[in-house]
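# Commentary on secondary and tertiary structure
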Amino acid sequence: MTDHDESRTATYDVHATEEKWQQVWEKLDPFRADDHSPREKFYALTMFPYPSGDLHMGHAEVTALHDVIARYKRLQGYEVLNPIGWDSFGLPAENAAIRNDEHPATFTYANIETQAESFKRYGVSFDWSRRLHTSDPEYYRWTQWLFLKFRERGLAYRKNSPVNWCPNDQTVLANEQVVDGMCERCGAEVTKRELTQWYFKITDYAQELLDDLDVLAPTWPDRVVTAQRNWIGRSEGAYVDFTLHLADGTDRDLTVYTTRPDTLYGATFMVIAADAALAAEVVSPEQREAYEAYLAATRKASDIDRLSTERPKTGVDLGITATNPVNGERVPVWAADYVLADYGTGAIMAVPAHDQRDLDFARAFGLPVRRVVDTGEDNPEETGIATTGDGVYVNSSSGDFSLDGLSDKATGIHRIVERLEAEGHGKGAVNYRLRDWLLSRQRYWGCPIPIVHCERCGEVPVPEDQLPVELPELRGADLKPKGVSPLAAATEWVNVECPQCGGPAQRDSDTMDTFVDSSWYFLRYCSPADETQAFDSDLVNAWMPCDIYVGGVEHAVLHLLYARFFTKVLADMGLVDFREPFAAQLNQGTVINEGAKMSKSKGNGVNLGEQLSDFGVDAVRLTLVFAGPPEDDIDWADMSPAGSLRFLQRGWRLSGDVTSEPGVDPATGDVALRKVTHKTVHDAAQLVESHRFNVMVARTMELVNATRKAIDSGCGPDDPAVREAVETVAILLSLVAPYTAEEMWERLGHQPTVALAGWPQVDEALLVEDSVTAVVQVQGKLRARLEVSPGISEADLEAAALADEAVQRALKGKQVRKVIVRAPKLVNVVAG
RNA sequence: GCCGGGUUGGUGGAACGGUAGACACUGCGGCCUCAAAAGCCGUUGCUCGCAAGAGCGUGUGGGUUCGACUCCCACACCCGGCACCA
């Protein structure tokens, strides 16, 4: 074998290389962010993991993508903050502790260590000095402090209300954690319970949370913006006051919310939510028995039944009437479960002609249907299909007021609201689907709520200097869910003196939703060791908002909405000077296998550790980044980590072929290869900025191929352009394959680390092509290609095109009518 | 039903309104080898053709344009969000 042959088949030992560089990085500590650096700051945040076990393919993907951005920005000269921590409170640890008769911390911190080691092996450019865990008292002390601050502002309050209850996890859930009537975490069917619980008043911020989505829309994924808009669910309409006439002869107001006040003349009955307190208060004595039977039946029905849209309408006549404020008409009042107690006012005016639900109800109970908007469609009373579009108003007048003849919905709404407001019978209004955030949980492994309940003083906040309220030591069977928090049974912990009066009192025994912990961790990263405050406002304002937040789309409405809410509250408190925490966002897709989500039951799981052992870290990372657009799902069965490793070895091999010395002036090198190199660097920057990492990798592959050709059959290995090209490959590869890149960089005679080598300078002069391929079309069809100078004139290009043999052939017998020339790229000849 | 996003070779995917299929994977042929593996080189959208070449081709149907994967309209299907929210 000749030396040359050897260089074409040589490979490096993947695992030895990994171990070697891990030690070097440990020593050099090149990714520590300097708060006081004069460089421009860049905050690259990735959603911190929950320590459920070792890292899996999902972690590998999000981290690989995230690290491309962090490493790119560092090369570009930014001071990059790329922190890591763990969202370490939560149910899985608690359930494991019950199973294994141990403390949740055992499971939690063991897994954190495992994951931390795996991240280090994975070569992620994290700043390990800022590591945090939300279950550390040093952290949750400040979660408690924030809770108290929110409470001082009236943004954390307690109320009694029917809440979502997971019978399996034995805890309440926020609306956001109930998916299709099931517990988001365990899949059990969620039931309702009447409980007194803590809430964050996120609804105070509904409008701002909605409005600022417009600001985020250009840099946030569409699906996240859409999901949040839908979740907030703003609707515009009006409150309208009807008068109820009770059986005992008294009257009272009944206010309803409607988005179609313009159809007020079509209201033929009213419906009150069966489970609203009002319904029980106003029902007539004759109908009370029937109502109570109906209510009992309603309560028994689960959310699953309720959610079914196919279900026929049910209800009961309350035996009373109400007066329509615009025409004095008396209509019957019913109770039904299709009206929700906690939206609007819990009561509606039913306009069966123009609302499908009301029409279904009217038909089920023989109630009248009156059309007040003629849309040209058939009468809803006959078809059973409500008409909801624009049309001409009819039967809509009383006294000196009339909508009749009008054909514009917006004007109709405006006119009737004006009228209602003038007469004091209603007003324009906005409603949101968003509800307050229920934050209490009846579980142990979470942040204790720093409140003491005193018989005399009521709710008393734990004084700040007594924070944190630490969790008592409970383990194993003590943690078994029993419907109230396990903390309630820890009598020594629960029973305390009231901080205010010194009398006997009890700690609040619930813990906080873990989404509270994760609503501010990105702030803590800016000053993670600060023992005097939750975060240093100056440092937070210097680093934030996060320039990029990479993570899973499953948090589109949960974590991302809560974190936005927290940030707005903190801005109102004057603690931060921005109102949105994440300037831009990237949601990675899911790694699946053989067309399906990986799962134990399907047996299609792909083990990350095995992939890393078989192909090496770099090949796995490269495969994930090269697979396609970052937000697309990746089917691992379609991928070729072996192919990725092959490419990396090919790239590495180049570094052994370079024979010129480090520091040689590339200006004297082969111009053709230099052009490829500089164009690649130029394009790669734009591709990374626009998150087209897969294309960036493809371009790097092209550069490798071009360099290989130059070495073997072009300018040869000692040409300075070859060194320039290979050094460029090493730097570009460092975004995705840090081990291979370091190895190349060292073989090229440079000191570590390539991560700080800087982004290559682009020579603009080398971006100019000296010949371009001009395309000649006849009738829009490609007929010829011409190599021409980039500066060719339109006339010259046209002449050359028409002179071409293939073009003449295609034109045969036809007359040239028109020639479009776009020098130097294209000519289109139109004939006929 | 309402709101977003999508549909390109055998596969993953590229393509400022201007060469469709870059870059890979797979397949096929070859080199190396006693042989195999690995590696390397060539080839690979479909149809016809020995070839030169020709025709077809980006979910469907229209439109705008000299020219459309790209823009506009309608439709089908897939994915995500919301949904008895008045």
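For clarity, every value in this text was computed on a predicted model and none was experimentally measured.

Conventions we followed
Residues numbered from 1 in each chain as written. Chains lettered and ligands numbered in written order. Predicted model: local features only at pLDDT ≥ 70, side-chain atom pairs only at ≥ 80, totals over all residues. Heavy atoms only, no water. Near = heavy atom within 4 Å. Polar contact = N/O pair within 3.5 Å; in protein donor to acceptor, adjacent residues only side chain to side chain. Helix = DSSP H or I, 4+ residues; strand = E, 2+ residues; numbered from the N terminus. Phe/Tyr/Trp six-rings, centres within 6.5 Å; stacked < 30°, edge-to-face > 60°. Buried < 20%, exposed > 50% of the residue type's maximum accessible area, 1.4 Å probe, protein only. Arc of directions from axis to C-beta. Contact = heavy atoms within 4.5 Å. Salt bridge = Lys/Arg side-chain N within 4 Å of Asp/Glu carboxyl O. Pairing = 2+ DSSP bridges.

Turning to the protein's contact with RNA strand B, a few remarks are in order. In the region of RNA strand B, 56 residues are neighbours, and T259, K313, R357, R433 and R785 sit closest. When the atoms of RNA strand B within 4 Å of the protein are grouped by moiety, sugar and phosphate amount to 65% of the total. In this structure, a phosphate oxygen belonging to RNA strand B sits 2.9 Å away from a side-chain N or O atom of S235. With respect to RNA strand B, the side chain of N705 contributes an N or O atom lying 2.6 Å from a phosphate oxygen. For the surface near RNA strand B, the leading source of residues is helix α24 (residues 693-713), giving six residues.

Under the counting rule described, the total for this entry stands at 40 aromatic pairs. Seen from their ring centres, Y12 and W652 are 5.3 Å apart, and the 50° between their planes marks the pair as tilted. Of this pair, Y12 sits in the loop between α1 (3-9) and α2 (14-28) while W652 sits in helix α22 (residues 641-657), and the two are 640 residues apart along the sequence. For the pair Y12 and W652, one class covers both residues: buried. Ring geometry for F89 against W445: centres 4.9 Å apart, planes inclined by 80°, an arrangement best described as edge-to-face. In this pair, F89 is assigned in the loop between β3 (83-86) and α4 (91-100) and W445 in the loop between β22 (440-441) and β23 (451-454), connecting sequence segments 356 residues apart.

When we look at burial in helix α8 (residues 222-232), the residues that qualify are V224, V225, Q228, W231 and I232. Buried residues along α8 cover an arc of 130° about the axis, so they all sit on one side. Summarising the geometry of α8, the exposed residues directed more than 90 degrees from the buried face are D222 and N230. Buried residues along α8 sit against α7 (206-216), α19 (559-572) and β29 (585-588). A positive phi of about 55° marks G233, the residue just after α8.

Below, the discussion takes up unusual backbone geometry. Note the cis peptide between L467 and P468, where omega equals 0°. Position of P468 among the secondary structure elements: in the loop between β24 (458-461) and α15 (491-494). Here the phi dihedral of H691 falls at roughly 65°; this positive angle occurs in a residue that is not glycine.

Let's shift gears to the environment of H66. With respect to the secondary-structure elements, H66 resides in helix α3 (residues 57-75). Linking H66 and T740, residues 674 residues apart in sequence, is a C-alpha distance of 18 Å.

Residue placement: N82 occurs in the loop between β2 (79-81) and β3. Look at N82 and you get buried, because its relative accessible area is 0%. The spatial distance from the C-alpha of N82 to the C-alpha of G399 is 69 Å, given a sequence separation of 317 residues. Here the side chain of N82 touches H66 through a polar contact of 2.6 Å, side chain to side chain.

Opposite charge on two side chains allows them to pair when their charged atoms are near. Under the criterion given, the structure shown has 41 salt bridges. A salt bridge links K20 to E743; its shortest N-O distance comes to 3.2 Å. In this pair, K20 is assigned in helix α2 and E743 in helix α26 (residues 738-747), connecting sequence segments 723 residues apart. Note on K20: relative accessible area 32%, which makes it partly exposed. Overall, E743 belongs to the buried group, its relative accessible area being 11%. The partner of R419 in a salt bridge is D400, with the nearest N and O atoms 3.3 Å apart.

Turning our attention to the pairing of strand β9 (residues 191-200). Where strand β5 (residues 156-166) meets β9, 10 bridges bridge the pair, whose relative direction is antiparallel. Across the sheet, W165 pairs through a bridge with T191, a residue of β9. Pairing analysis gives two bridges linking β9 to strand β21 (residues 437-438), with the strands arranged antiparallel. Counterpart to Y199 in the pairing with β21 is L438.

From the geometry alone we can't say anything about function, so treat these as descriptive.
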